[in-house]
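Reading the structure
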Amino acid sequence: MNWEDSPEEAAFRQEVRAFIGERFPAGYVPDHDDEHSMEPEDVWGYNWPVDRSSADPARREGARRWASALAERGWIAPHWPREYGGAGLSALLEFVLQEEMMRARVPTVNGIGAFLLGPTLLAHGTDEQKAEHLPRIARGEATWAQGFSEPGAGSDLAGLRTRAVRDGDDYVVTGQKVWTSLGQYADWLFVLVRTDPDAKRHRGITFLVLDAKTPGVTIRPITDIRGAAPFAEIFLDEVRVPVANRVGAENKGWYVAMDALSFERAGIGACVKMEQALADLVTYLRSDEGNRFARADRGALRHEIARRYAEIRVAYNLARYTVSVQAKGGVPGYEASVNQLFGAELLQRLARTGASAFGPFSQLWQGKDAPLHATYAHLRADAVAATFLGGTTEIQRNVIATRGLGLPRE
């Protein structure tokens, strides 16, 4: 397969670079770029909601102006049809756009809503749901969070216990969600609930969307091992959700959710972030300051870095292959799981390589003696979760084995 840009893609890449240079607000510097900040880091390109609700007026205004600039071109949700505020771009041109935004280190706007919920509504939503929600996402006016995981049912998503009981034109929902990325910043939530407790595990599950301000919804941030709060737990206490907010058929929400997770696993953002982190490490190690901190066995370290570089190129090509499935009109299935599995384990290897490059200095969390602003100390802590967020490595291997290789389930 030819991985080079087509003439159309190359021209579009230049257009995106020029747009970012001209329209990205000069004063828009997210607080989480500060080495002492405990805000969530923009690892996946989803942290625009944090900026949107920041206590810093300049940061809020920068987030607003950047969203407005992207919305003018339909680039918040570039793959969506124009009628819903998108740009109607092909999957490959959307890939180019997201890649260039990541390389320029500018935030993606409304990532969870635009890249997870939006494609799900386009595939499974009613005309009324699309008309209500998609234009607001495409304008940067409503942010979303995903409520799937639960205590005791994170990786084993089919074991969820949040109940929804039909009462006239409403579902009455009671339960708890956890590890909800950026949940405390969300205007709306999309959640999985159990509507038939007697059905088999993967059946009897329904996909609902609800306003985060609905009575009975309580959202509490959770602090991670870095001291940041990138996710939250959500309590649902007899929350009334209109039946009109159901996406897909009742008791068929599992299949809707699997499509949503496939869209999540198809991104380019993590690959570019890893590439940039490795390039920063090499540049630093070549500097006088980096040479002062680096471990003595530089030959072994060079081999490690070379392996990470080769693996990142593999991850990039896997991401492009996943997008090629979308470009042909398909929904990424096992291909996306291959991408997710390889990228998650690679992130952990990269974090270990960077941390080990500095020997005992890699334990320093902050301060002038922390090499490379403690980037790899933080990345190593952050990468702990890589092999279970978005689906554990065991789940990804099962998907690859059954859907990709056709192996029996039992």
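Owing to the predicted nature of the structure, the values given are computational and were not obtained by experimental measurement.

1. Side note on the confidence of the model for the chain
Residues of the chain with pLDDT of at least 70 account for 93%, and the chain-wide mean is 88. Considering each helix and strand of the chain separately, the mean pLDDT is smallest for helix H7 (residues 253-264), with a value of 78, and largest for strand S8 (residues 246-247), with 98. Between residues 32-46, whose pLDDT stays under 50, and residues either more than four places distant or in other chains, the model counts 46 contacts.

2. Focus on helix H13 (residues 393-404)
Of all the residues in H13, the buried ones are Thr393, Gln396, Val399, Ile400 and Ala401. Packed against the buried residues of H13 are helix H11 (334-356). At the C-terminal side of H13, Gly406 shows a positive phi close to 75 degrees.

3. Regarding the domain arrangement of the chain
Here the chain is described as being made up of domain 1 (7-109), domain 2 (144-257) and domain 3 (266-405). Placing a centre on the C-alpha atoms of domain 1 and another on those of domain 3 gives a separation of 22 Å. Taken residue by residue, the interface counts 17 residues in domain 1 and 21 residues in domain 3. In total, about 1900 Å² of surface goes out of reach between domain 1 and domain 3, with carbon and sulfur atoms giving 59% of it. Linking domain 1 with domain 3 are three salt bridges, by the criterion used here. In this structure, Asp280 and Arg105 form a salt bridge, with 3.5 Å as the shortest nitrogen-oxygen distance. Where domain 1 touches domain 3, the interface holds four residue pairs in polar contact (both at pLDDT 80 or more). No other element matches helix H4 (residues 91-103), which puts seven residues into the side of domain 1 that touches domain 3. Grouping the amino acids of the side of domain 1 that touches domain 3 by side-chain chemistry returns seven nonpolar, two polar and eight charged.

4. Notes on the packing of H11 against H13
Each packed pair of helices is defined by two parameters, the angle between the axes and the distance between the axes. Where H11 meets H13, the closest approach of the two axes is 9 Å, and the angle between their N-to-C directions is 150 degrees. Considering how the two elements wind past one another, H11 and H13 form a crossing that is left-handed. Residue-level inspection shows Tyr334, Ser337, Val338, Gln340, Leu341 and Glu345 of H11 in contact with H13, the latter providing Thr393, Gln396, Arg397, Val399, Ile400, Arg403 and Gly404. Class assignment of the residues belonging to the contact of H11 with H13 gives a composition of five nonpolar, five polar and three charged.

5. Description of the packing of aromatic side chains
Tallied over the entire structure, the rule returns 14 aromatic pairs. Note on Phe19 and Trp66: the rings are 5.9 Å apart at their centroids and 35 degrees apart in plane angle, and the pair reads as tilted. Of the two residues, Phe19 sits in helix H1 (residues 7-23) while Trp66 sits in helix H3 (residues 57-73), which places them 47 residues apart along the sequence. Assessed through its relative accessible area of 3%, Phe19 is described here as buried. For Trp66, a relative accessible area of 0% translates into the label buried. Taken together, a centroid distance of 4.9 Å and an interplanar angle of 75 degrees make the contact between Phe19 and Trp75 edge-to-face. Of the two residues, Phe19 sits in helix H1 while Trp75 sits in the loop between H3 and H4, which places them 56 residues apart along the sequence. Per residue, the accessibility class of Phe19 equals that of Trp75, and both read buried. Through a chain of ring-to-ring contacts, the aromatic side chains of Phe12, Phe19, Phe24, Tyr28, Trp66 and Trp75 assemble into a single cluster. Its end group placed over the ring of Trp75, Arg73 keeps NZ or CZ at 4.9 Å from the ring centre.

6. Description of the packing of H4 against helix H8 (residues 269-285)
Two numbers describe how H4 lies on H8: the axes approach to 9 Å, and their chain directions differ by 30 degrees. H4 and H8 meet at a crossing whose hand is right-handed. Counted together, Glu99, Met102 and Arg103 of H4 and Gly269, Val272, Lys273, Glu275 and Gln276 of H8 form the full contact between these two elements. Taken together, the residues that form the contact of H4 with H8 break down as two nonpolar, two polar and four charged.

7. Things to note about unusual backbone geometry
Positioned with a positive phi, Asn110 is a non-glycine residue whose angle comes to about 60 degrees. Tracing the backbone shows Asn110 in the loop between H4 and helix H5 (111-124). Positioned with a positive phi, His373 is a non-glycine residue whose angle comes to about 55 degrees. On the basis of relative accessibility, which here comes to 55%, the residue His373 falls in the exposed class.

Parameters and conventions
Residues numbered from 1 in each chain as written. Predicted model: local features only at pLDDT ≥ 70, side-chain atom pairs only at ≥ 80, totals over all residues. Heavy atoms only, no water. pLDDT = per-residue confidence, 0-100. Helix = DSSP H or I, 4+ residues; strand = E, 2+ residues; numbered from the N terminus. Contact = heavy atoms within 4.5 Å. Buried < 20%, exposed > 50% of the residue type's maximum accessible area, 1.4 Å probe, protein only. Domains from an automatic or database assignment. Buried area = accessible area lost by both parts, 1.4 Å probe. Salt bridge = Lys/Arg side-chain N within 4 Å of Asp/Glu carboxyl O. Polar contact = N/O pair within 3.5 Å; in protein donor to acceptor, adjacent residues only side chain to side chain. Nonpolar A, V, L, I, M, F, W, Y, C, P; charged D, E, K, R; others polar. Axes fitted to C-alpha atoms, helices over the stretch in contact; angles between N-to-C directions. Left-handed = near helix turned anticlockwise from the far one by under 90°. Phe/Tyr/Trp six-rings, centres within 6.5 Å; stacked < 30°, edge-to-face > 60°. Lys NZ or Arg CZ within 6 Å of the ring centre and 35° of its normal.

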